[in-house]
Amino acid sequence: RKEVEQDPGPFNVPEGATVAFNCTYSNSASQSFFWYRQDCRKEPKLLMSVYSSGNEDGRFTAQLNRASQYISLLIRDSKLSDSATYLCVVRANYGGSQGNLIFGKGTKLSVKP
Amino acid sequence: DTAVSQTPKYLVTQMGNDKSIKCEQNLGHDTMYWYKQDSKKFLKIMFSYNNKELIINETVPNRFSPKSPDKAHLNLHINSLELGDSAVYFCASSQESGYGYTFGSGTRLTVV
């Protein structure tokens, strides 16, 4: 089983739609979780951290379910500028990998007019 | 004033050559990393390095070697380049705890 698995996408949605991405992780001892955004031919950039209680940043809501080892990202009222690849990321906290970010393969989102 | 800078941005080279990619960070971070993003867009850690320890991903061929002249630099040297080495290589840095992760803009390596 891969360490971080995501919906492969692509997701093609109209402007204004609500879209949800899901992710599962294999290491139950993982403590830190993130969503990154990567635009075409650019570096990944932090979108938001994911906290156990769930957290919201404007149109974006992230949730974590530790029991199911499941992370989600909800985008409301999609904008054209939201088109990108969304990467589910877990920070390793075991052995020599302390601090390393482990990335899912990403889910591509295309928002159409 | 770029936080993590990589050079070159693009690198096209022939099989069998040896090449280096440079990375510098001005964030005062303790740890630096190299990641490889292949044609399927999968980002995978290659190395992490701080002033105490180099951690090598066991899947990385020994043709790849990181070199750190000081805390702010982590260069990647590749010997005997192969077609399969074509990818985008990202440098990153973070505080020792793993927080404050910042990526460079990437080096697109094409081996012909």
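Before going into details, it helps to say that this report is about the structure given with it. As the structure is a computational prediction, the values presented were derived from the model and not from experiment.

Attention shifts here to the overall build of chain B. In terms of regular secondary structure, chain B is built from zero helices and 11 strands. Order of helices (α) and strands (β) in chain B, N terminus to C terminus: β-β-β-β-β-β-β-β-β-β-β. Rg of the C-alpha trace for chain B: 13 Å, near the compact-globule value of 13 Å for 112 residues, within the 12% margin. In terms of principal-axis extent, the alpha carbons of chain B reach across some 35 × 30 × 25 Å. Within the span of chain B, comprising 112 residues, buried residues form 43% of the whole.

Residue and element names in this part refer to chain B. Here strand β3 (residues 19-25) runs beside strand β8 (residues 75-78); their pairing, made up of three bridges, is antiparallel. Bridge pairing links I21 to L76 in β8. Where strand β7 (residues 64-67) lies against β8, four bridges are found, and the strand directions are antiparallel. Counterpart to P66 in the pairing with β8 is L76.

A few words on the packing of aromatic side chains. A complete count under the given rule lists 15 aromatic pairs over all chains for this structure. Pairing Y33 of chain B with Y35 of chain B gives two aromatic rings, centres 6.3 Å apart and planes at 45°, and the pair type is tilted. A relative accessible area of 1% means that Y33 of chain B is categorised as buried. Accessibility expressed as a relative area gives 0% for Y35 of chain B, which makes it buried. What links up through ring pairs into an aromatic cluster is the set F34, Y36 and F103 of chain A together with Y33, Y35, F90, Y101 and F103 of chain B.

A word on the sheet that holds strand β3 (residues 19-25) of chain A. All names here are of chain A. The antiparallel open sheet is built from five strands, whose spatial order is β1-β3-β8-β7-β6. Edge positions in the open sheet fall to β1 (4-6) and β6 (55-57), since each of these has one partner strand only. Taken over all neighbouring pairs, the strand axes of this sheet differ in orientation by 20° on average, direction set aside.

Here is what the cut-offs are and how they apply
- Residues numbered from 1 in each chain as written.
- Chains lettered and ligands numbered in written order.
- Predicted model: local features only at pLDDT ≥ 70, side-chain atom pairs only at ≥ 80, totals over all residues.
- Heavy atoms only, no water.
- Helix = DSSP H or I, 4+ residues; strand = E, 2+ residues; numbered from the N terminus.
- Rg over C-alpha atoms; globule rule 2.2 N^0.38 Å.
- Buried < 20%, exposed > 50% of the residue type's maximum accessible area, 1.4 Å probe, protein only.
- Pairing = 2+ DSSP bridges.
- Phe/Tyr/Trp six-rings, centres within 6.5 Å; stacked < 30°, edge-to-face > 60°.
- Axes fitted to C-alpha atoms, helices over the stretch in contact; angles between N-to-C directions.

As far as function goes, none of this settles anything; it's purely spatial.
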